[in-house]
Amino acid sequence: MHDGRFDPSGFYEFNLSEGMVRTRNGDRVVVLSEDVLSSLVAAAARDGDLTPLRRLGELLGDQVLGSLDRPASVLSAEAVLGHVSAVTSLFGWGRLAFERWGAALVVTLRDKPELDEDELGAAALLGGMFSQISQRQVSCVPTGESKFIMVDFEVAETVWGWFKDGADLPAIIGMLETKRAS
Amino acid sequence: MTDREDRLRSLLDRVRAKRPDERETHAAEALDRLRTASGTVAATAQAPTLPDPPTSPTLDSPTLYSSQPPRVERPLSVEPPARSVRPASAPSLPLASPATPSQSRRPAAIRPQSVAPTGQPVVYATDQPEFPRPKTFGELLELTLSLRPR
């Protein structure tokens, strides 16, 4: 077992004779240009179906889980972040980091591919990835400036509506409160 | 007797004929020359208690002082429990009593007993301070997923 850090060596296997690229856990991947991916995501966002991107996020989450020696829930946020950001970088999705805003956990994804104006493609990807990692239904709602607030999927639409109405992240945080399950 | 033996005997007689105080003066001058040539002789004789740390590993620097690890007087973590736990009704701490001659020669080590309030069990002073444990990723996730509109 490794020492807790992500080991990127040998992550991709290039099989030139068969024309395939696989990750080290056997998943076949395809290299796409940012322009092509952007048009695909824009079309998906217009149709309101970002399921493929969420599915891609789940595959990234599988990669993260495969690199952890314990469940993510018992690890420190720093340890999980190290693996998540490494996988995100290896797939070319930018630099990922965590921020804590009160009780809210916020994901930042900088230098990501420019896909759609509302950043819904990245939100779907992050939601799928963190749902897979935590085995919970997680939604990452865009709040501007490459920040995505992590909330339960039941309140995602409400939070998204606040943001579309002009509320920034501090205002959104102020409109939320912690409600523990009884 | 040869000529050479004659010359040697003559020289010896002249040395013997010199006054004793003159010979002491020459001896003192020789000693001064020795001290001037070797600065470390004087430094060693003065024996500074806390020399400045050397800035470079030259021969003039007291590397022996800096290269030795600091002496640790019984770290708190390895203090035997029997010495650190004391009933509240026990007599005053030994360090509070007048120092014996052996204690005055050696600086007293800093121990839990010396900072514990009088009469309070020392175990309170030696307990590890409790820092808030950083939340795990699961706890942070639980917190953010519990957010609901006000």
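The rules behind the values
- Residues numbered from 1 in each chain as written.
- Chains lettered and ligands numbered in written order.
- Predicted model: local features only at pLDDT ≥ 70, side-chain atom pairs only at ≥ 80, totals over all residues.
- Helix = DSSP H or I, 4+ residues; strand = E, 2+ residues; numbered from the N terminus.
- Buried ≥ 20, exposed ≤ 12 C-beta atoms within 10 Å, placed from the backbone.
- Contact = placed C-beta atoms within 7 Å.
- Expected span 1.5 Å × (residues − 1).
- Arc of directions from axis to C-beta.
- pLDDT = per-residue confidence, 0-100.
- Pairing = 2+ DSSP bridges.
- Axes fitted to C-alpha atoms, helices over the stretch in contact; angles between N-to-C directions.

Details of the overall build of chain A
Then, in step 1: Summing up its helical and strand segments, chain A has six helices and eight strands in all.
Then, in step 2: Along chain A, helices (α) and strands (β) appear in the sequence β-β-β-α-α-α-β-β-α-β-β-α-α-β when read from the amino end.
Then, in step 3: The proportion of buried residues among the 182 residues of chain A is 33%.
Then, in step 4: In chain A, once contacts between residues fewer than 6 apart in sequence are set aside, the share between residues at least 24 apart is 49%.

Considerations on the environment of Arg55 of chain A
Residues and elements named next belong to chain A.
Then, in step 1: Of note, Arg55 is situated in helix H2 (residues 51-67).
Then, in step 2: A count of 13 C-beta atoms within 10 Å places Arg55 in the partly exposed class.
Then, in step 3: Between the C-alpha atoms of Arg55 and Gly127, which are 72 residues apart in sequence, the distance is 9.5 Å.

Here we look at H2 of chain A
All names here are of chain A.
Then, in step 1: In this model H2 runs 25 Å from its N-terminal to its C-terminal C-alpha over 17 residues, within 8% of the 24 Å that 1.5 Å per residue would give.
Then, in step 2: Within the span of H2, buried status applies to Leu53, Arg54, Leu56, Gly57, Leu60, Gly61, Gln63, Val64 and Ser67. Along the long axis of H2, the arc covered by the buried residues comes to 160°, so they all point the same way.
Then, in step 3: As for H2, its buried residues are in contact with strand S2 (20-23), helix H1 (34-47), helix H3 (77-90) and helix H4 (120-134).

Thoughts on the confidence of the model for chain B
All names here are of chain B.
Then, in step 1: Chain-level statistics for chain B give a pLDDT mean of 60 and a share of 27% at 70 or above.
Then, in step 2: Considering each helix and strand of chain B separately, the mean pLDDT is smallest for helix H4 (residues 63-67), with a value of 35, and largest for strand S1 (residues 147-149), with 96.
Then, in step 3: A low-confidence stretch, residues 39-99 (pLDDT under 50), is modelled with 37 contacts involving residues beyond four sequence positions or located in other chains.
Then, in step 4: With a pTM of 0.59, the predicted complex shows an ipTM of 0.88.

Examining the sheet that holds strand S5 (residues 104-110) of chain A
All names here are of chain A.
Then, in step 1: Within the open sheet, the four strands sit side by side as S4-S5-S7-S6. Their pairing is antiparallel. The outermost strands of the open sheet, each flanked by one partner alone, are strand S4 (95-101) and strand S6 (138-142). Between one strand and the next, the sheet's axes are offset by a mean angle of 35°, whatever the strand orientation.
Then, in step 2: Inspection of the sheet shows S5 paired to strand S7 (residues 147-152) by four bridges, in the antiparallel sense. Residue pairing across strands places Leu105 opposite Met150, the latter belonging to S7.
Then, in step 3: In the packing of H4 onto the sheet, the strands contacted are S5, S6 and S7, and the crossing angle to S6 comes to about 155°.
Then, in step 4: Running over the sheet, helix H5 (residues 156-164) touches S6 and S7 and is turned about 5° from S6.

Considering the environment of Gln137 of chain A
Residues and elements named next belong to chain A.
Then, in step 1: Inspection of the secondary structure puts Gln137 in the loop between H4 and S6.
Then, in step 2: For Gln137, a count of 13 C-beta atoms within 10 Å translates into the label partly exposed.
Then, in step 3: Sequence separation between Gln137 and Glu154 is 17 residues, and the spatial gap between their C-alpha atoms is 9.0 Å.
Then, in step 4: Beyond its immediate stretch of four places on either side in the chain, Gln137 contacts Ser131 and Phe153.

Overview of unusual backbone geometry
All names here are of chain A.
Then, in step 1: One non-glycine residue, Asp111, lies in positive phi territory at about 60°.
Then, in step 2: Among the structural elements, Asp111 can be located in the loop between S5 and H4.
Then, in step 3: We note that Glu145 has phi near 55°; this positive angle belongs to a residue other than glycine.
Then, in step 4: Mapped onto the secondary structure, Glu145 falls in the loop between S6 and S7.

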